[in-house]
Every structure is written in structure tokens, then in C-alpha cells.
Amino acid sequence: MFAITRKEEIAPKFWRFLVQAPEIARKHRAGQFVIILLDGHGERIPLTIAASDPVGGTITLVVQEVGKSTMQLSALPVGTELLSVIGPLGTPTHIEKFGTVVCVGGGAGIAPLLPIAAALKAAGNQVISILGGRNKDLVILRDEMAASSDEMFFTTDDGSFGRKGFVSHALADLIAERGKPDLVVAIGPAIMMKVVADLTRKHEVKTLCSLNSIMIDGTGMCGCCRVTVGGSSKFVCVDGPEFDAHQVDFDILIKRLRAYLPEEQVARERYMADHACRALEGARA
Amino acid sequence: MTEPIQGLPELAKKDRMKIPRHPMPEQEPLHRVKNFAEVALGYTAEAAMQEAQRCLQCDKPLCVAGCPVEIDIPAFVDLIRQGDFKGAVSKIKETNTLPAICGRVCPQEDQCEVVCVLTKKFTPVAIGRLERYVADLERASGEIDMPECAPPTGHRVAIIGSGPAGLACAADLQKRGHQVTIFEALHKTGGVLVYGIPEFRLPKEIVDYEVENLKRMGVEIRTGFVVGKTATVEELFHESGFDAVFFGTGAGLPSFMNIPGEHYIGVQSANEFLTRVNLMKAYEFPSYDTPVRTGKRVAVIGSGNVAMDCLRCAKRLGAQEVICVYRRTRAESPARKEELERAEEEFIDFRWLSAPLEIYGNDEGFVTGMKIQRMELGEPDASGRRRPVPIAGSEYDIGIDTVVVAIGQSPNPLATRATPGLELNRHGCIVVDQQTMMSTSLPGVFAGGDVVTGAATVILAMGAGKQAARGIHDWLGRLERGEATKPTWPSKSA
């Protein structure tokens, strides 16, 4: 079970996996995620489901290599069976015909945005997508997002693609030119979502964000993922991952995301050292 | 277990009373706080037989009535005295499926041992330690007495949750010939036995072993399957073809204090802390991938068994100071006496009559301290315990870098919320009818353990699981005779 059936590098250090998980593929709705475990020593990694194929029984996961576990996952060959894939977890996105919806995605956040954009489009919304990244390569899933968007805008930090700047700049201009959309969905780094939320709050545009706080079980058992929303504590894994972006205390979220930075570094360096040794041994053999 | 063992003679009752209760050999505190190995080391054969010799073999044994699963205690104890350890464990297994676990984590001092006749003048027979001894011996011998299962009935039962209630229910139903599938949300089987109770109180190999035995009986186990998400109860009945469903989902929802500063990094629920340590083996980071944050000075809020586990884990993880903050006194502490004593031996700083008011943090969001209010005991409250009341002007600050909140758990609503028509009380616990063996408001749906009672003990959950197994067996009979039908839900596509 849970075999990797396809794998491709869609951008530098961004991998798209197809994983066999028929029960999850059947039940998945936009906005939901899975928890995966690579092996018996592994940690529980929450990953948004980027797409699902109920007929083929697979789910699509998009993974950015950032830490030990995502590096290890990215190195796994097709055919490898993951120890566990658990889900679909979290509350699905509320989908209806809102009118005009702007989908704002930054970096790895474009992957979770994809099924939401597709569902909103299917529900009859006009979908305008604003996608951004540090450079052209990191504005991922452009073709897939285009299939669910009526219009597309791109931004890059270095100006290598689309306009130079941040997604929030493009959104501000869009609102200035065309007036308020009916809904904004913003998914990306916490700081990006905070800036977008500050902008749309000013314009009184309802805005949803999807949060990626640190999790263990993903079923409401540990409370590690808690965030402050509207002054009270919410669990991202069961109450979310989507929340009203205007109610989220992003400053607390940003700090809590750094809780285990030293340990993450230890694990990454240890993995890389081990990996380098194995590569050397391989070369000698 | 294969070599014949010379038993001990039956002594006159007055001589039995002269034998002192055999102490449990334990790792020394100074040594054990540096490892996660089990604290209790177990009896030798000689110690077990001498301890068994103390039993008065009462005509009307009160201990049996004190046991939630009514083990024939005098019988198994006498078999130990005779050196028939295999016979003893078989006797226990007539009613208790998990003796190696219960021998370790049951609160015997409140159940079988408290009513032992010897307790009045002397000390009770160490029933739990004897149970543990023979169960361990059987496991070590590799010669397992597998229970006989009735011929297959063709009925299929889904059990949600693989904690003590689910495991006990599964074993009894499988023995009656029903095909049981356990659905476990986590990636390991055992529920609180694997994520909650630490290795030094209950080695995980024992849980794994008991789970393997269930599999050998034919029980199917699906880990990583979240009922309510991966499939609903309705789908289990009408798409997967199950004939009955048992909720043994436990009390897994952590409570927080709702005081200022609980969002700071380093403040964690007991569930988070224990799950990282026990389930994810964070004490072996980075060999295992999951880390745990334990600083130099750790405060654990609460004084129940879960709090004791957190305190003792924090100590073993290398914290220099571990502080227990509890608003009542030692006398009101809900922890087992044995657990309290072990924690005290392990250099835990107990601050009785202390209530946390606020948690302090720095600009980076990390915990730096806590404001504590001194309390005194006032009039008794609804629970009969004297209510702690604040002493005005007694607040003081302590410097800490980690807080573990161990003030209780309630049922996780994930599976119950996804089951329309299932009646819950105002605490989110499933309402059951004891008369009809743990049936719920939905036909064919049964429940037992912490999801019914709120956080309680392993043995009570097992007892409830066994009772529900009888209820489910009856229900399957009625289903077969056409006297009952599976529950239906209105179509969602309407």
C-alpha cells in the first residue's frame, strides 16, 4: 500500500509524487491534507493533497525539499511504499459560487491552492490567479493553475518572470484597477498571508488562508498546531487548515513555526553528512 | 516454564500472615532518571511463590469483586504458590486478555488489593505484581496459550480505536467467531498504551506482543485509518459491510488552562509532550526524526497520573529542575500513590497549593516564566474535596522554559461528530445503556472506555470493552434472527 507510482521534479527542489491511496483519493475534498510517515523512525509530515484521482486511486503530493524528511522523501524511487498515509484530514474548503475569486499563491503554497482553484472554477466562479516565487523556476504549477483560472498574473522577487515584486503588490494593483473581488484565497509563506490579509482587511474583502503550523497527529489530539484566531485558540488540523485570514494572529504563527529550528538543522545536517558518506561509498565500490 | 518448579507448601493462616509483602525490585532513582528502561524489575520465581503463599484463600474473596474484569484471583495466586505459573496465567486469561499490561498499570491499591483481608492488619497480597510475573514469564517462554475461537459466524465488527477498550472488545468478539477489524487513526496500535504511557512504566514491546497475539487470533488491524475522515460509520455499515461498530476512541482531546501566554513556544499539552516522547521516540532524536522541547526548567501543571508521566519523562530528558504545580495538596492528588512516590524519589519539586496565573515569554515567543498564586484549602466542593482558594497577595514568579499542561483530557469529537444521531452528553461523552451492554442511541453501535466515562483507567476501559463485546454478540444474534436492522441515515444527496 501507499506506493509511489510516479515522481517528477517540477522545479528545482520541488517534487510531484503520485501515491497510491485509494480510500483517501475517494474521500478527498479541496483544502484537505494527509499525514505521511516514511519509515519506522520517521516523523509525521503533514502535506496538502494537490489533486486526487478517485478512479486511479492515487493522490498527488507536491513536496519542497526543505528539511531532513522532505529531502529523504524526494530521494525515494518510484515503487517505494510509504509506511503510512493518513487522511484526508482537516475541514474541506467551503465551495460555492461567490462571483470573482482571486487565488493568491506563493512558492510551495501554490500546491494546496490548486485543488481549491479547481473547485471554485467548477462551481462557476471567475477565478483570477496571482502566483509568485523568488524566481521564475519557483513559480510552480503554472499550467495546472492556468487550467482552473480565467486570468493569471505572476510576480517574482528578482523580476525574472512576470512583474518584479510580491504577490501582494499585484493584488493591490488588481483591486485598484478593477475594484473589490468577492473573495480572496491566499496560501503561501505565513508572512505572505499576513501581508495579503492586511491589504484585504483595508479593502474589506473576505479572505481565506490555509495554515501550515507544526503538527504531530493531525486529528486534534496534541494541540501542537494551535493558532490564535479571533482571540481564541484553534487547532489547524481539525478546525482548519483554512481560516478567515483577517482573524488569524500571524505574528504568533510565524514565531511558533520557528519552535524547532535548531533541531531541524541538526536533523538536516546529520542526513546530509550521512548521505554524502553513502554517495562516497557508492563511488568507491 | 517447561522445567517443573517445586511449589511451596500451604501454610497455616497465622503463618501466612507472618510473611512480609515482597517488595518490587526497582532501578535506583539516581540511575533510572537517566534512562527510559522500566523502573520495576519484576519478581523472581521464589519471590512470587513466597508472595503467593501469603494469600489467605478466603471463602468469599473480596478481591474478585474488586476487579473490574473479575479475575479469579485466589485461584491464580494459589497456582503460583504451587509453582504452576502456566496454569496461573491461563486462569487470569479466562477473563483478562492483557495481564502483562494490567499487572503494570492497574490501580490495584484501589481495586483488588484495597479489599484484601490482609490489608486491615498487615499489607495486601501483591496481586498486580503476581499477575505481571506470570504474564511476563509466559511471554518470555514463547509458549503462548492461544484462546480457542468459535467457528466463524460470518459477522463482521468494526472497532474504532486500538486502546484498551478496543483491544479487549476485539479479543472477546473474535473468540466468539466474529470477524473483527480494528481501525486505528495513529500509525501504531495500542492507543494510550503506546502514545501516553511511557516506556519506563509499560515497555512498548509488551503492547506489540499483545497486539501480535490478537492478529494471530485473526483480528485485522488497519492503522492510519481515521474513522470520520477516511470512512464514516455509515460507510462502514453500508459500503464495507460491517454488522456492528464499537467506539473505543478514548479521551484524546487535550484541555488547556486558558490563561495568558499559553501560545508561547515551550507550552505544550501532556498529549503533545507524551506523544512526541512515547509514540515518536523523541528521546532518541536525532536517530528518530521527531524532536521534543524540554528545557532546563520544566513546569508540569496538574498532579494526576498523566502529570506524573510528564514529570518523570522531563527528568529523563535531562531537565535540571522539574516542578509540579498543583492547586490542591498531595492528599487530593488524583495520581496513584505508587506513581507519586516514584516521582518524589526522582527529585521532582512538588509545589502543592499553587495555581498558575500567567505564562511569560520573550520577544521571540519562547516561554521564560510563570506567575503562580498560592492557594489554601477552603470548604469541600461538589467532588467532596476541599476547594482551593487563592491567598490574596501571594503571587510569585518562577523562571522556566517549558510548560506541560496535564489538567485532563476529554473525548476527541472527530469520529463522533461525523456520526449523526449518536447521542452525546454535555462533556462530549457517548451516552450508553449499561443494561443493554453499552449500546448507544444508534442500533448496532456500541461504545466503551474513556469515550463514555471521560478519562479513567486502562482496566475500566477493558472491562467496558468486554461488556460491549457481550452486547455486540447479542445484537448480532438479533440481527441474524431478523429482530434488528442496521442503522440508516438520510441520503446526503437529497
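Before reading further, recall that the structure is shown in the block above.
Report on the accompanying structure.

Topic: the packing of helix α10 (residues 164-175) of chain B against helix α12 (residues 204-217) of chain B
All names here are of chain B.
Okay, step 1: In the contact formed by α10 and α12, the axes pass within 10 Å of each other and the chain directions differ by 25°. Regarding the angle of α10 to α12, the classification is roughly parallel. Along this stretch, α10 crosses α12, giving a crossing that reads as left-handed. In contact with Leu167, Ala171, Gln174 and Lys175 of α10, α12 contributes Val211, Leu214 and Met217.
Okay, step 2: Of the residues assigned to the contact of α10 with α12, the class counts are 5 nonpolar, 1 polar and 1 charged.

Brief notes about the packing of helix α15 (residues 305-316) of chain B against helix α16 (residues 337-345) of chain B
All names here are of chain B.
Okay, step 1: Relative orientation of the contacting elements α15 and α16 amounts to 25°, with a least axis distance of 10 Å. Looking at the two axes, α15 sits roughly parallel to α16. Seen along the crossing, α15 lies across α16 with a hand that is left-handed. Across the interface between the two elements, Asn305, Met308 and Arg312 of α15 pack against Glu339, Leu340, Arg342 and Ala343 of α16.

Looking at the pattern of salt bridges
Pairing of side chains with opposite charge becomes possible as their charged atoms draw close.
Residue and element names in this part refer to chain B.
Okay, step 1: Counted according to the given criterion, the structure contains 50 salt bridges over all chains.
Okay, step 2: A salt bridge links Asp15 to Lys18, with the nearest nitrogen and oxygen atoms 3.4 Å apart. Separated by 3 residues within a single helix, Asp15 and Lys18 lie in helix α1 (residues 13-18), roughly one turn from each other.
Okay, step 3: For Asp15, a relative accessible area of 26% translates into the label partly exposed.
Okay, step 4: In this structure, the salt-bridge partner of Glu113 is Arg21, at a minimum N-O distance of 3.2 Å. With Glu113 in the loop between α7 (99-105) and α8 (118-121) and Arg21 in the loop between α1 and α2 (29-32), this pair connects stretches of sequence that are 92 residues apart.
Okay, step 5: Among the residues examined, Glu113 registers a relative accessible area of 6% and is labelled buried.

What counts as what
- Residues numbered from 1 in each chain as written.
- Chains lettered and ligands numbered in written order.
- Predicted model: local features only at pLDDT ≥ 70, side-chain atom pairs only at ≥ 80, totals over all residues.
- Heavy atoms only, no water.
- Axes fitted to C-alpha atoms, helices over the stretch in contact; angles between N-to-C directions.
- Helix = DSSP H or I, 4+ residues; strand = E, 2+ residues; numbered from the N terminus.
- Parallel < 35°, antiparallel > 145°, perpendicular 65-115°, else oblique.
- Left-handed = near helix turned anticlockwise from the far one by under 90°.
- Contact = heavy atoms within 4.5 Å.
- Nonpolar A, V, L, I, M, F, W, Y, C, P; charged D, E, K, R; others polar.
- Salt bridge = Lys/Arg side-chain N within 4 Å of Asp/Glu carboxyl O.
- Buried < 20%, exposed > 50% of the residue type's maximum accessible area, 1.4 Å probe, protein only.

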